[in-house]
Amino acid sequence: MFGLRHTVTIEPSGLRLDVPDGERLMQAAREAGFWWPNQCDMQCRCAGCFVTVVEGAQYLSEMGRAEAEALVNQRGQRALDEPVRLACQLGVYGDVTVRKTGVRSGG
Ligand code: FES
């Protein structure tokens with residue numbers, strides 16, 4: 001649907017992001033002026049942008065092979081058994097709550 005937007009709540013800061021349907025979380029954060037921890041500038045290599053999904057995992061895009069590989073390379077095979085995703089890769093399709101320390105709003 002054109003113009004559909006979703007709310008992503010970031011714990012423990014309580015920051016909220018308004019995300020256009022299907023946009024990648026970290027992209028939306030950047031557009032909102034947020035600083036998001038990472039070392040590879042959304043190239044799907046560092047896994048430093050990872051989030052723990054608290055609520056709404058069903059509203060996230062499927063994990064692609066590149067995302068899975070980056071998670072395993074940086075955090076070990078067990079990362080795939082955890083509710084962990086890369087913010088630079090996941091697309092948002094509904095209201096979601098994630099846990100990520102170190103995110104700062106621009107203002
Ligand atoms: S920003 Fe480096 S993997 Fe997401």
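Just so it is clear, the model here is predicted, and its values are computed rather than measured.

**Student:** Describe the overall build of the chain, listing the residues and the values that go with them.
**Tutor:** What the chain contains, in helices and strands, is 2 helices and 5 strands. Its helices and strands taken in sequence order, the chain reads β-β-α-β-α-β-β from the N to the C terminus. For 107 residues, the compact-globule formula gives about 13 Å, and the C-alpha radius of gyration of the chain, at 13 Å, lands near that figure. With the C-alpha coordinates aligned to their principal axes, the bounding extent of the chain is approximately 35 × 30 × 25 Å. In the chain, once contacts between residues fewer than 6 apart in sequence are set aside, the share between residues at least 24 apart is 68%.

**Student:** Can you explain unusual backbone geometry? Please cite residues and give values.
**Tutor:** Of note, the amide linkage connecting E11 to P12 takes the cis form, showing an omega dihedral of 0 degrees. Secondary-structure assignment places P12 in the loop between strand 1 (5-11) and strand 2 (15-20). Despite not being glycine, D41 has its phi angle at roughly 60 degrees, a positive value. Note on placement: D41 falls in the loop between helix 1 (25-31) and strand 3 (50-55).

**Student:** Now, about the nonpolar core: what can you tell me, with residues and values included?
**Tutor:** Core analysis: the largest hydrophobic core is formed by 23 residues, its most contacted members being V8, L25, M26, A29, C49, L86 and A87. Here this core gets 4 residues from one element, more than from any other, and that element is helix 1. What A29 contacts, discounting residues up to four positions off in sequence, is L17, F34, W36 and V103.

**Student:** Provide a residue-level description of the pairing of strand 3, including the pertinent values.
**Tutor:** Bridge analysis of strand 3 against strand 4 (residues 84-86) gives 3 bridges, and the strand direction is antiparallel. Looking at strand 4, one finds that F50 is bridged to L86.

**Student:** Please provide a residue-by-residue account of the environment of Q77, values included.
**Tutor:** Within the fold, Q77 resides in the loop between helix 2 (65-75) and strand 4. For the pair formed by Q77 and Q58, sequence separation is 19 residues and the distance between their alpha carbons is 22 Å.

**Student:** Any details on the sheet that holds strand 5 (residues 96-99)? Residues and values, ideally.
**Tutor:** Hydrogen bonds between backbone groups are what pair the strands of a sheet, and the pairing can be parallel or antiparallel. Within the open sheet, the 5 strands sit side by side as 2-1-5-3-4. Their pairing is mixed. Looking at the sheet topology across the chains shown, the edges are occupied by strand 2 and strand 4. Pairs of neighbouring strands in the sheet enclose a mean axial angle of 40 degrees, with direction left out of account. One ladder, built from 3 bridges, connects strand 3 with strand 5; its direction is antiparallel. When the sheet's bridge partners are listed, E55 is paired in strand 5 with T97.

Rules of the game
Residues numbered from 1 in each chain as written. Predicted model: local features only at pLDDT ≥ 70, side-chain atom pairs only at ≥ 80, totals over all residues. Helix = DSSP H or I, 4+ residues; strand = E, 2+ residues; numbered from the N terminus. Rg over C-alpha atoms; globule rule 2.2 N^0.38 Å. Contact = placed C-beta atoms within 7 Å. Core = buried A, V, L, I, M, F, W, Y, C linked by C-beta atoms within 7 Å. Buried ≥ 20, exposed ≤ 12 C-beta atoms within 10 Å, placed from the backbone. Pairing = 2+ DSSP bridges. Axes fitted to C-alpha atoms, helices over the stretch in contact; angles between N-to-C directions.

That is the geometry; function is a separate question.
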